[in-house]
Every structure is written in structure tokens, then in C-alpha cells.
Amino acid sequence: MEEMVGEEPETRDSVEAEVLIVLCSRAENVSNFVEADSIFGPDTRLVYKHYATLYFVFVFDSSENELAMLDLIQVFVETLDKCFKNVCELDMVFNFSKMHIILDEIIFGGQVLETSSTEVMKAVEEISKCSLSLSLSLSIYIYIFTLGYLIDSVSICHNAGWRRLQMQSCFQNPFLDGKVDSR
Amino acid sequence: MAGSSIMESFFQRSLEDLIKGLRLQMIGESKFIAKAMEEIRREIRSTDPNTKSIALQKLTYLNSIHGIDMSWAAFHVVEVMSSTRFSHKKIGYLASSQSFHDGTEVILLITNQLRKDLNSTNEFEVGLALHCLSVIATTDLARDLTPEIFTLLSTSKVFVKKKAVAVILRIFSKYPDAVRVSFKRLVENLESSDPHVVSVVVGVFCELATKDPRSYLPLAPEFYRILVDSKNNWVLIKVLKIFSKLALLEPRLAKRVVDPICEHMRRTGAKSLMFECIRTVVTCLTDYESAVKLAVEKIRELLGDDDPNLKYLGLNALSILGPKQLWAVLENKEVVIKSLSDADPNIKLESLHLVMGMVSESNVAEITRVLINYALKSDPEFCNDILGSILSTCSRNVYEIIVDFDWYVSLLGDMSRNPHCRKGEEIENQLIDIGLRVNDVRPELVRVGRDLLIDPALLGNPLLYRILSAAAWVSGEYVVFSKNPFELMEALLQPRTNLLPSSIRAVYTQSAFKVLVFCLHSYLLQKEAIPSSTLDDLAPGVSNLISERECPEGSDLAKCEAPADYEQDEGFNPRVSNRSVEDLAIENGGDIIVTHGQASSSVSLENDAFTHESVVYLLNMIKMALVPVSGSHEVEVQERARNVLGLVELVQQELPGLLVQKEKSFDNEEPKASKIIKLMHAAFSKELGPISVSAQERVLVPDGLMLKENLSDLETIYGDVLLPPPSSISIGSRLFVERNGVSLFMHTKVESEPSTESTSQLAEHRERHGLYYLPAEKNEIGSNDYPPANDPQLPDNLNDGTQDLVKLTEQSLVSKKKPTHAKPRPMVVKLDDGDEVHVSAMKLVKEPNDDLLSDAVRDILLGNEARPTLSRSNPSDKSSGNRRGKGVYLTSEHASESKELGDAEKPGHGSPSSRRSKHHTHGKERHRSPRKNDEGKEENGQKNKEKSSHRHSRRKARRRADEPLNAVAQTTVVPDFLL
């Protein structure tokens, strides 16, 4: 799973492919940074984290701290986990717009807006409340009509691999949280 | 109508249905998407807002995951954005930030919608609008919405304020004049009580300061306060980033921040903050010994960590520090060198850089030797990293660190034999470049070239073709230094050369031509020389010996004087031909085996040097090899081959005549062929030299030649222009004249060379394997003997290698002062112009907007108070003065819209008074803070008087600082007391 903002579709495919090649070539237990000048232009680096079947990739430049970026991925995943109650791959597949809400609360116009997952959670919940009002009723009808279809797709989901993310038992940002954290 | 819309929404697929449907399609996904797109196209035209928005949501999804075009739906996006329902609006905004860009036409329509939403009471709607702006804001949008953003900067809602601050970055970069309106308010937010807001503001300043640090120097006190007070690691990291930019510009600032930074480094438990402190110290505080020591201590901690990320970053910090404080690297060199064998590619690469950073004139040979051996055992990618960094380090600044070029050239030869070597192009360039620049190395260069050419195995490796091309060129150009031109000719014409691409084959053929001319010329000279030497007994032998010593340079001179004058050449050529005779003699199962060194030169003159048989043999060989090629489809190869054959035929016709010449000794009548040969030889012996990069610029453009006529398209076609290939080296006048020490060196070389051995091997080999499969002299260390890439004993070897390296660097460090080189460094031709020109031409072109932005920021921070004085001198009202000032920054495009600008500006005009009143309150707050006063006390007494109102005094200082600014615009001065 890569999160990318503002890429042209044509170039995006090739960029995705390049990133994938780079990531696949890396062994387990090596450092999480990759120089990405050849893919994303000068002064860019890529940091990734690997959870079960998912790769989270952030691209950053020299105005960010490497370790802080690594923690930011952790913040993102942690927030996803809180929002979806034990997040799994399928949550991300099906909750396209919610993923966007979460990401938008963390990264805003290329800048890091929020580094605390509780703050992000608060905002996301309120935004969701705001937009919940109508669509619920309609989708209930639709589900009644497409019940058989739904069952089919659930079994498919099982086949496709319904894997929970292997999250660390307690969420901590080892690099960003020191003794002197105000939050 | 109403009924149909209900039915529509009733049967509409939701996004979730779409995703499920897509996942069901194992194959034929595109068919399913096409069908879904059909539905979407229908639904999106619906009058029901719900149906429309869901259709748009599906489209957005398909666009982001499957790359389906959605630009056609731009107008529908605007419709959904303007919906009153939040859930619809959200879908619309997401779609717009995903699909709109500067060229989208409907973007003109959303200004009012955005304005409405920015003023909305629902903070989430404001958030949506801000988010959209941060992604798609155009110059127009930024200009028109600056007043709204300005208002939002002082909102009480943190959720909105954060985003309003963050969006500023996009606004500033699109519309620099927004700085004049909103910069002060942005600065005020640095003192916000909310940590989240401060974090974002600092982030924005960090981004701004990266582009143009100088403009933000006046804000240093604010950042300093945050550096000392803040407990938020994220904010501290960003502030450190800012200081690492600012401290480089202002040494006094560096002095001020070094202590707090060290304090953070000592105290913090957060690795990210610690690393940022280290990085700040190693980039800009290297003058402070204690700080550097502390940083190195912390780096050592990182290097000892098990986490590869930390280790990598530690090495990274070391390599930043390396160029300035080499001791820090040397102190940790064991770790560094061990890291060469780490499993992590980042760590390996970083330590390689560090190792190469330790290379100096005295230890380059040892370090590269070990590295080259290590490269053999590494994976192909890292192997090439090693080779690449050796090549670039050694060639840096025109081979600055190379003293012994003979060594370096043979190193290049060894590199070529590395099975993973992909640096062919670079090695090719260096081989030729060194040949051109360093006169003394040419004999060794020819020897290396011969070894490469003669090995038929190398011709099977396409990665080496470029190197072989260089080897062929070098052998042809400097054939005078060849020990055995006949052997060289065989190598150049061996059957496997048909594996080469035609461009390189052409180089081979041309080199063969040069060798042929050389051989024939030597043969002729010999014919003429023999009578004289037999007649004049010993005297010419002595003179030959003397002139022999001067030969490499002397011949150059001679050729300049008169190309056909071979009185000098006569003394010159026998030396070479002499040895060839020996070789040949052995090759032909020789009658004479020469064992007595120097004396033989005069003796052997009496024997036939280039025997008639050997020349005939040579000519036949060439004919045999090149006749098939002369029908080649490649013009370059064909033409050159035909040239050679033409000469061969001419000579063969007249060969009897040439023989006859032997008898009638002092006859001036020369056959046609020998005239031609002399002419060709003269032509080929003109020296080629390196060319300055700027040489082309000095060529006058002839009249009537339109160079810049519509050829700009070509640039895009030939995007990456190749480096100047060897063929671009034109014939120049002689560039080198250096005599001292060289002749001696040449001489010893001749004596010590065990040439007979190799050639006897060669003869043996030929008997066994037929004519062409010549063994390379250095076969023992050649490609055959390399350990396989995946050696099972690899770890052992690795350790050996690294251990070796550890010892070696220790050694080399001790002996660093001693001059280890016996020989003086040969002269290297440098063209001192050109390089610099090149560099200046490469200077980065700044974005025009960046300049506008930094000008505006400087105006606000330093020149703000100057404006009243400006308007005083111009007795019109303030706003017109303001506008006039602004006019400077307006591009012609903007000028037409200046009326609108005036409108947009208005809120900005209203603000100064309110801002000022705010400052007063801030000033009072500051009074309560004792630290501020302390800070003030540290400054000199005169300024202490003004501390009653910190802000006021600063403003005065700004006014003061403004004066030098106007005089010398570039030297922004930070007022003393701010530090």
C-alpha cells in the first residue's frame, strides 16, 4: 500500500513499479531508508515500513528528520488501527474515503500537520459524525437487495487472504518520544 | 422526474459495491471498469445530488487506484463541491484536489465557493476548503483568497488555525505578495499557546528557510526562544533544521545556539532529536570543539547500535563531518571499515564514502588495492559502487592525488578485468584522458592497452567494449612505445574483433593503420640507416644511444621542425625497432638471442631490424584480416579498412623497389610508397592534446550561419548528451615539453623489462593454440583466477579483507608525512580555464517566484519601517506608496491586474494598527518573563536601556539595520542585540 498524493496517472504507474522494485530488492532487517533521487527527483529519500502484506512508503526531503518520518508511519498505522479497531488490509481496501480523511489530518499539502494519533482520531471521528447523516439509510436498502452478492464477496475476501496486521503490542514512537514529551 | 431519481439512487452501486465487484474480477478487470464508467457517466448527470456525489466518489476511486481519466468530470466536481451537505462537499473536495491542476479551466469557477467555505461556521468545511487550497491553489486563487486566509490565521479554533498556517506555504509560493499581508500574523503564531499550532508554524518556517535562509535571520530570537523553551521533540527538530541554515550565515548566531543544542543532545532520550542535534553540529557548528566532541561521542553510540537505521544515520553524520574534521572519521575507522561488509546496502555505501574520504596521496595505492580485491568478492551492485568511487576519487581535480601514474594506469587495467565491472565508459574516458594529459605514462599505458587487446576472452564481454576501444586507440596513437608492434597488429586484427560493434571496430581499424604506418616507416629508416652505421663504425652507435635517450620528446620537436626530417628520427626509431628485432628474432626461432643490454643496440643495427620477411608477413596478415571487412555495411569500418588495404597494396607493389634501395645507399630518388609512408607517419605523429571545455565557444561563428534557428527541439530529443567521445579530440599543436628526469626513467624501463620471457611464452603458446589466441602477460592475476562471486568462503575472505584494510589505514596514517614516492610526479596538463566556466554555467536557476518571495519577506522583516519614510519623500498617501513599492515585484502579467491587487490588499492596510496594538500587549507579557530580561542583559548597556519594550527596540533596530540593507542589498545584518 503506497500513499501518494498529486501524481499524474501515467507517471504514477511507472513510479509505483520502480518503488516496488526497490522495496522488493531489500532484505529483512536492513535500514528503512532508500535514496530516491532517481525516482522522485533530487534531494528525496524514501522511508518504508513493512507490516505483513503491506508496505507503507513515505517520501521526504532534507527538511524532515529521517527517524521522525519513520515514526510518522507508525503514527499513521496506529491511527488506522484505532479507527478500524484492529486494522487489516481489507479495511484499507474498502474505506477509501476514510483513509483519505486520516491521511489528510496527518499530512497537509506536503507538510506534517499532526504527529499525535489521538488528535487525529478526534478530528476523524468528528468529521465522520458530520457526514454520517444520510448515506446510512440508503445503503441499508441496497444491502437488502444485494444480499447474495455480498455473501459471495465475503468468501472471496477470505480466499484473498484476510490477514490482520501484525502490529506491535504497545504503540510507541521510539524515536520521537523521549523523556521530554509534552503530549 | 422525482420518481426516476429515486429509482436511480435505489439501484445505484455504492463505492463499496464497486470495490467488491472489482475484487471479484480475477480477469477482465478492464471490462468491469468500462461498465462501471458507463454507469458513472450516466449517474453523474443525475439531478439527484446523492446519486451524483456517489458517482463522483466512484470515479475518484477509479482514478486514484486504476488511473482512469477524470478530467472530463471537472464541472461535475464543481457542482458537488457546492452542495450544501457536508458529506457531498467532502467527496467534491477530494475529487478536486485529486484532479484539478493549474491548467484546469473550471478552477476559475470555484473561487467564490472556496471563499464561502472558508468563511463557514462549520470548522470542518473550512478545513476541507483549506486542504483543497493547499493542493490546487493557483496564483489567481492565492491572490483572491489571501484576505480570508489572513483572517483565519487568527481564528480561535485550533483545528482551523493549524491548516490556515500550513496553507500559507502554498499561498506564498504562488503569490509572493501575500507575504506583505499575512507575514506578521504568521510570525505571531510562533508565540501561540497551542503546541500544535506552533509545531505547524515552525514547520512552515523550516520550509521557507530551506529555500532562502537569509531572509529569516531577523526571526532568530523567536526560534531561539523555542529552542530553549519547547519540550516538543517535533518542534525542536524543525527549529534545529532552521538554525542549521541560519548559523551558516551568521557566526554570532552559531555561538549563541551551540550551548542549548549540546544541552538537548545530552539530555534527550529521543533518538530523532539527538540525531538532529548531531547533524546540526556537524553541518554548521564544526568550529566549536566541545560540541563536535560531544557529537562524535553520540555518533559512536549510534554506530554501536544494533538498529541498522541508527547505524546508517551515524555513518551519514560522520561523512558530513569527514571533510572538515577527518580525525572523527579516523577515530571510528574500525567500525567504518567493518561496515563495508555489512548486510545493509545503505551502511555499506555510506562506509565506502567514508573510506574514500580517508584516501590521500600517500595511501591511495594501498586503500584502492584492498578495495579492488574486496570488490571482487562483493555483489555486482556494490562492486560497481566501489569501482565508481575509486574512479571518481582518483580523477578528482585532474588526478590530484595520483603521483604514480604507471600504477594508476595498471589499476585501470585491473579494474577492467573485474567480471562485474560496468564502468567501461568512465575507464575509457580516463585512459584516453591520461594519455593526452600525462606524457610520461604513455609507455605504461601502451603496455596496459596491449594486455587488454591481446586477451581474446575480453572480446566476449560487451561491458568491456568501451575500454577496449580506448585500449586500441591508445595503442595506435602511442605505438612508438610499443615493444612489439607486430604483436599489437595481430591483437588488433584477431578474428574475434568481429564481435565488436562497428563504431569500436572502426577505432580498431584506424589503430591498425597507425601501427602499420609506424612499422613501415621504421623499416624504411632502417634501410637508410644501415649503410651509414656500417660505414661510420662506432660513432653513430654512440650518437644513436644519446639521441635514444631523448627520443620521446626529442622526436616531437623534430617533427615540428620538419616532418620529413629523419636525421633525428633515425636516432629515435632504432631503439624501438631494435627491440622489435629481438622479439621477432625469437619469434622466428631466432638465430640471435640478445643478452647484453645496451651494447646490443648498436650491434643489432647491423642486422636487419624489421626484416623483409616480417614486413611481408605483416602485410599479408593485414590483407587477410581486412579484405572481408572492406565489404562491411558500416561505412566507418569499410572506409578505414579500405584505406589500410590501399596502402598495403601500394607497398606490396613497390616492395621490390624498397628492397633494391638497400643496395644503392645514398640515392635520393625515393619510390612513391616510401614518400607516402613518410607523409603518413608525419601526419600521425602530430600530438593530440586535451581540449578545454570552453574551446568551442572560442570558435568564431562564420557569417550567415544561423546557429540558434529553431533547434531547441533537438535538446529534448537528445536529452542526455553523451560525454565528449574520444573522436572529438582534435589535432592540436604540441602541448607538452618536459625533459628532465624522463629519459632516465625510460632507460631503466628498457633495461629492467623482462621482455624476452613474455615473448617466448607467446611463441610457445602460438605453437600450441594456433596463431591468434595470445596469452595475456598477466594471466595469473587475470580474469581466470578470480574467485567466483559467490565464494562459499566469503565471510572469511571478507574479514581478511577488512582486517587488511584496518591495518593498512593505520599504517598509512603513521607514514602519512613521509614522502612515499620515489619518483617525482609527472607533469599533468591542465587547462585551467574552461572548468570554472563550466561550473558557473551550471549554476542553478532559481525559480523567479522564490526571489519574489524572499524579497517580500525581507521587506517585511527588515524594510517594513522604511516604507513611511519612502512615502514621506513622496507626498502621496500611504497606500499609493505601498502600491508603488509593490509594482517592483509585479511581473508584466500582474501589472494588468493591479486594480484587483489593490482590493486584495485592503485588509492588509487595515491591519498594521491592530498588529501594533497586539505587539504592545505582547511586550507586556514579555516583561513578565524573566528570561527575556536576562537575554537583554547579556547585551551591551546601551541597549539595556531600551529593554523596557523589547518589541519597540527591535523595531528601531530594524530601522537601523535597514540603512545598510538599502546600500548593500545582499548583506542582511542581524541587529546585535538580537543575538
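- The name recorded for chain B in an unreviewed UniProt entry is AP-3 complex subunit delta, from Tetracentron sinense.
- Within the UniProt record for chain B, the comment given under Subunit (unreviewed entry) is "Adaptor protein complex 3 (AP-3) is a heterotetramer."
- UniProt, in its Sequence similarities (unreviewed entry) section for chain B, records the words "Belongs to the adaptor complexes large subunit family."

- As recorded by an unreviewed UniProt entry, chain A carries the name AP complex mu/sigma subunit domain-containing protein and is attributed to Tetracentron sinense.
- In its Subcellular location (unreviewed entry) section, the UniProt record describing chain A reads: "Endomembrane system".
- Of the comments in the UniProt record for chain A, the one headed Sequence similarities (unreviewed entry) reads "Belongs to the adaptor complexes small subunit family."

**What to know about the overall build of chain B**
Point 1. For chain B, the helix and strand inventory stands at 50 helices and zero strands.
Point 2. Contacts in chain B between residues far apart in sequence, at least 24 positions, make up 74% of those at least 6 positions apart.
Point 3. Carbon together with sulfur atoms contributes 54% to the accessible area of chain B, which is approximately 44500 Å² in total.

**Focus on the overall build of chain A**
Point 1. Broken down by element type, chain A carries eight helices and five strands.
Point 2. With 183 residues in all, chain A has 48% of them scored as buried.
Point 3. Partitioning the contacts of chain A with sequence separation of at least 6, the portion at a separation of at least 24 is 50%.
Point 4. Taken as a whole, chain A presents about 8800 Å² of accessible surface, with 56% of it coming from carbon and sulfur.

**So, the nonpolar core**
Point 1. If you look at the biggest cluster of nonpolar residues, it comprises 276 residues, and the most contacted ones within it are B:Leu130, B:Phe183, B:Phe205 and B:Leu516.
Point 2. By residue number, the principal contributor to this core is helix α29 (residues 502-535) of chain B, which donates 14 residues.
Point 3. Beyond its immediate sequence surroundings of up to four residues, B:Phe205 is in contact with B:Phe183, B:Leu186, B:Val187, B:Leu190, B:Tyr216, B:Leu219, B:Phe223 and B:Ile242.
Point 4. Core analysis: the next-biggest nonpolar cluster, separate from the first, contains eleven residues, A:Val19, A:Val30, A:Val34 and A:Leu46 among them.

**Describing the interface of chain B and chain A**
Point 1. Contacts between the two partners involve 72 residues from chain B and, on the opposite side, 64 residues from chain A.
Point 2. Summing the contributions of chain B and of chain A, the shared interface buries around 6200 Å²; its carbon and sulfur component is 60%.
Point 3. One salt bridge connects A:Glu114 with B:Lys162, and the closest N-O pair in it is separated by 2.8 Å.
Point 4. For the interface between chain B and chain A, the tally reads 20 residue pairs in polar contact (both at pLDDT 80 or more).
Point 5. Per-element tally for the side of chain B that touches chain A: the top contributor is helix α2 (residues 15-24) of chain B, with eight residues.
Point 6. Of the residues contributing to the side of chain B that touches chain A, the split by class is 29 nonpolar, 25 polar and 18 charged.

**Some thoughts on helix α36 (residues 672-684) of chain B**
Point 1. The end-to-end C-alpha distance of α36(B), which contains 13 residues, comes to 18 Å, matching closely the 18 Å that a straight helix rising 1.5 Å per residue would cover.
Point 2. Those residues of α36(B) that sit buried are B:Ala673, B:Ser674, B:Ile677, B:Lys678, B:His681 and B:Ala682.

**Concerning the environment of B:Leu217**
Point 1. Tracing the backbone through its elements, the reader meets B:Leu217 in the loop between α12 (195-211) and α13 (220-229).
Point 2. As for B:Leu217 and B:Leu861, which are separated by 644 residues in sequence, their C-alpha atoms are 9.0 Å apart.

**Examining the packing of aromatic side chains**
Between two aromatic rings, the relevant description is the distance of the centres plus the angle of the planes.
Point 1. Scanning all chains against the criterion turns up 19 aromatic pairs over all chains.
Point 2. Between B:Phe205 and B:Tyr216, the ring centres sit 6.1 Å apart and the planes meet at 70°, which makes this aromatic pair edge-to-face. With a gap of eleven residues between them, B:Phe205 in helix α12 and B:Tyr216 in the loop between α12 and α13 connect regions that are remote in the sequence. Accessibility classification places B:Phe205 together with B:Tyr216 in one group, the buried group.
Point 3. A ring pair is formed by B:Phe205 and B:Phe223, whose centres lie 5.7 Å apart and whose planes are at 70°; its orientation type is edge-to-face. On the criterion of sequence distance, the pair formed by B:Phe205 in helix α12 and B:Phe223 in helix α13 is long-range, its members being 18 residues apart. Each of the two residues, B:Phe205 as well as B:Phe223, counts as buried.
Point 4. The rings of B:Phe172, B:Phe183, B:Phe205, B:Tyr216, B:Phe223 and B:Phe243 are connected pair by pair, giving a single aromatic cluster.
Point 5. Geometry around A:Phe94 places B:Lys20 over its ring, the cationic atom sitting 5.9 Å from the centre.
Point 6. Across from the ring centre of B:Tyr224, 4.9 Å away, lies the NZ or CZ of B:Arg256, which sits over that ring.

**Re the pairing of strand β2 (residues 45-51) of chain A**
Walk down a regular strand and you will see the side chains alternate between the two sheet faces.
All names here are of chain A.
Point 1. Among the seven residues of β2, six are classified as buried, and the element is accordingly described as predominantly covered.
Point 2. By the bridge criterion, three bridges tie strand β1 (residues 33-35) to β2 in an arrangement that is antiparallel. By the bridge assignment, phenylalanine 33 is partnered in β2 with valine 47.
Point 3. For β2 and strand β3 (residues 54-60), the ladder comprises seven bridges, and the chain directions are antiparallel. Among the inter-strand pairings, valine 47 is bridged to a residue of β3, identified as phenylalanine 58.
Point 4. Taking the residues that link successive antiparallel strands as the turn, the β2-β3 hairpin has two residues, and the phi of alanine 52 there is positive, at about 45°.

**Examining the pattern of salt bridges**
Residues and elements named next belong to chain B.
Point 1. As enumerated under the stated definition, the model contains 41 salt bridges over all chains in all.
Point 2. In this structure, aspartate 102 engages lysine 174 in a salt bridge whose closest nitrogen and oxygen atoms are separated by 3.2 Å. With a gap of 72 residues between them, aspartate 102 in the loop between α6 (86-99) and α7 (111-118) and lysine 174 in helix α10 (residues 158-174) connect regions that are remote in the sequence.
Point 3. The class for aspartate 102 is partly exposed, based on a relative accessible area of 47%.

**So, unusual backbone geometry**
Residue and element names in this part refer to chain A.
Point 1. Despite not being glycine, aspartate 43 has its phi angle at roughly 55°, a positive value.
Point 2. Secondary-structure assignment places aspartate 43 in the loop between α2 (37-40) and β2.
Point 3. Since its relative accessible area comes to 40%, aspartate 43 is described here as partly exposed.
Point 4. One non-glycine residue, lysine 85, lies in positive phi territory at about 50°.
Point 5. Here lysine 85 lies in the loop between α3 (66-84) and α4 (89-94).

**So, helix α25 (residues 424-437) of chain B**
For an α-helix the count is 3.6 residues per turn, leaving residues at separations of three or four pointing the same way.
Residues and elements named next belong to chain B.
Point 1. Over its 14 residues, α25 runs 20 Å from end to end, which matches the ideal 20 Å to within 8%, given 1.5 Å per residue.
Point 2. Along α25, eleven of the 14 residues are buried, which leaves the element largely enclosed by surrounding structure.
Point 3. The complete set of buried residues in α25 reads Gly424, Ile427, Glu428, Gln430, Leu431, Ile432, Asp433, Ile434, Gly435, Leu436 and Arg437.
Point 4. Tucked into the core, α25 has its buried residues touching α23 (380-399), α24 (405-416), α26 (442-454) and α27 (465-477).

**A few points about the sheet that holds β1(A)**
All names here are of chain A.
Point 1. If you trace the three strands from one edge of the open sheet to the other, you get β1-β2-β3, paired in antiparallel fashion. Every interior strand has two partners, whereas the edge strands, β1 and β3, have only one. Strand-to-strand twist of the sheet, defined as the mean angle between neighbouring strand axes without regard to direction, takes the value 25°.
Point 2. Set on the sheet, α3 makes contact with β1, β2 and β3; between it and β2 the angle comes to about 40°.

**Examining the packing of helix α14 (residues 233-249) of chain B against helix α15 (residues 251-267) of chain B**
All names here are of chain B.
Point 1. Contact pair α14 / α15: the axes reach a minimum separation of 8 Å and the direction vectors enclose 150°. Viewed along their axes, α14 and α15 adopt a mutual orientation that is roughly antiparallel. Crossing handedness for the pair α14 and α15: left-handed. Of α15, the residues touching α14 (which contributes Leu236, Leu240, Phe243, Leu246, Ala247 and Leu249) are Pro251, Leu253, Ala254, Val257, Ile261 and His264.
Point 2. Here the contact of α14 with α15 is built from residues that sort into eleven nonpolar, one polar and no charged.

Calculation notes
- Residues numbered from 1 in each chain as written.
- Chains lettered and ligands numbered in written order.
- Predicted model: local features only at pLDDT ≥ 70, side-chain atom pairs only at ≥ 80, totals over all residues.
- Heavy atoms only, no water.
- UniProt positions renumbered as here; feature names shortened; annotations may be inferred.
- Helix = DSSP H or I, 4+ residues; strand = E, 2+ residues; numbered from the N terminus.
- Contact = heavy atoms within 4.5 Å.
- Areas by Shrake-Rupley, 256 points an atom, 1.4 Å probe, with all protein chains shown as cover.
- Buried < 20%, exposed > 50% of the residue type's maximum accessible area, 1.4 Å probe, protein only.
- Core = buried A, V, L, I, M, F, W, Y, C linked by side-chain atoms within 4.5 Å.
- Buried area = accessible area lost by both parts, 1.4 Å probe.
- Salt bridge = Lys/Arg side-chain N within 4 Å of Asp/Glu carboxyl O.
- Polar contact = N/O pair within 3.5 Å; in protein donor to acceptor, adjacent residues only side chain to side chain.
- Nonpolar A, V, L, I, M, F, W, Y, C, P; charged D, E, K, R; others polar.
- Expected span 1.5 Å × (residues − 1).
- Phe/Tyr/Trp six-rings, centres within 6.5 Å; stacked < 30°, edge-to-face > 60°.
- Lys NZ or Arg CZ within 6 Å of the ring centre and 35° of its normal.
- Pairing = 2+ DSSP bridges.
- Axes fitted to C-alpha atoms, helices over the stretch in contact; angles between N-to-C directions.
- Parallel < 35°, antiparallel > 145°, perpendicular 65-115°, else oblique.
- Left-handed = near helix turned anticlockwise from the far one by under 90°.

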